[in-house]
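Fold and contact review
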Amino acid sequence: LNLTKTVDIDIFNYWIFLLLAAVVYAASHSFWVAALTTWIIFALTLIVADLTAPWIERQYKSLNLKGISFPHLTCLAWVPFGIATNWVIERIPGLKKIDMQPEKIQKRFGVFGEPLTLGFILGIAIALMAGYISKTLTLAINVAAAMVLLPKMIDILVEGLTMVRDHVEKQLKKWFPKRSFYIGMDTALLIGEPSVLATGLILIPIAIILAFILPGNKMLPFVDLASLMFLLALVTPFVKRNMFRMVIAGTLILICILYVGTSIAPEYTQSAISSKIPMGKGITSMSNIVGSATTWIGWVCVKIGSLF
């Protein structure tokens, strides 16, 4: 508590740190190396959550995120990619003028810029690229509905969590009257933002294409494709909610993940076997896209663990 203002009350986030610990253990064969690594990374995650909270609150103005931070390692790990992408683009004359914020797209294209229409178009595009011809219309309607309904559902969730935050903050003030706190929440609160949701859908075909064209990659994206928007949720504020920059940052993130996933697949697979997780028929190794172990931070931890 003396190092950070974030109090993480989101118990569902802890599996992320435990997953990293399991893979580090598979690499090091040492309980204490895995435990120490997890403690250090958890502390650093809380500190980074403190630093990023003001940026996130300012950019997500439609959400009431005052007093909330996001100590979500899977997402925080990619913030440097967003900062670097934004820095580079700001110094390229032609590219820096491209502004694809949802509000500006809607203003410029009218009804064609509405989340409903954008979702419908993206649904058709994804269906056609996947060869899902017979049910293209069904997928388009489903994606359009998600673009409209998910933000409204998130608004309701945030409203309820605001009450929890206020109560926890009140209690903390009694215990620590001279300190202020952030309440740590899951990044799921942010995926209903139109730019995050739309860009996450755009990254699905990009992820599949990258898996086949990147030299040396051995990881094939599968179930995690539905969760790609999580990779962007905390990157978005640092690229000014500009979907053009988000796609570029997201592509760089996916390239990194595919190579990291390929690199640590032996340790990842061993941790799964040790945990008695059944592997599918014909599968000899596994990894994942949206997880703590396959971030660049996870890669560093696993490689350091292997030295022991």
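Notes on the packing of aromatic side chains
A complete count under the given rule lists five aromatic pairs for this structure. Lying across the ring of Trp55, Arg58 places its NZ or CZ 5.2 Å from the centre.

Quick notes on the pattern of salt bridges
Under the counting rule described, the total for this entry stands at two salt bridges. Across the pair Glu90 and Lys240 runs a salt bridge, and its minimum N-O distance is 3.1 Å. With Glu90 in the loop between α4 (79-89) and α5 (102-109) and Lys240 in the loop between α8 (194-213) and α9 (243-263), this residue pair connects regions lying 150 residues apart in the sequence. On the basis of relative accessibility, which here comes to 28%, the residue Glu90 falls in the partly exposed class. Overall, Lys240 belongs to the partly exposed group, its relative accessible area being 39%. Arg245 serves as the salt-bridge partner of Glu90, at 2.9 Å between the closest nitrogen and oxygen.

Topic: the packing of helix α1 (residues 14-28) against helix α11 (residues 296-306)
Running from N to C, α1 and α11 point in directions that differ by 30 degrees, and their axes come no closer than 7 Å. By the angle between their directions, the pair α1 and α11 is classed as roughly parallel. Remark: the crossing between α1 and α11 carries right-handed chirality. Contacts between α1 and α11 pair Leu20, Val23, Val24, Ala27 and Ser28 from the former with Gly298, Cys301, Val302, Gly305 and Ser306 from the latter. Classifying every residue of the contact of α1 with α11 by side-chain character gives six nonpolar, four polar and no charged.

Parameters and conventions
- Residues numbered from 1 in each chain as written.
- Predicted model: local features only at pLDDT ≥ 70, side-chain atom pairs only at ≥ 80, totals over all residues.
- Heavy atoms only, no water.
- Phe/Tyr/Trp six-rings, centres within 6.5 Å; stacked < 30°, edge-to-face > 60°.
- Lys NZ or Arg CZ within 6 Å of the ring centre and 35° of its normal.
- Salt bridge = Lys/Arg side-chain N within 4 Å of Asp/Glu carboxyl O.
- Helix = DSSP H or I, 4+ residues; strand = E, 2+ residues; numbered from the N terminus.
- Buried < 20%, exposed > 50% of the residue type's maximum accessible area, 1.4 Å probe, protein only.
- Axes fitted to C-alpha atoms, helices over the stretch in contact; angles between N-to-C directions.
- Parallel < 35°, antiparallel > 145°, perpendicular 65-115°, else oblique.
- Left-handed = near helix turned anticlockwise from the far one by under 90°.
- Contact = heavy atoms within 4.5 Å.
- Nonpolar A, V, L, I, M, F, W, Y, C, P; charged D, E, K, R; others polar.

None of this, on its own, says anything about what the molecule does.
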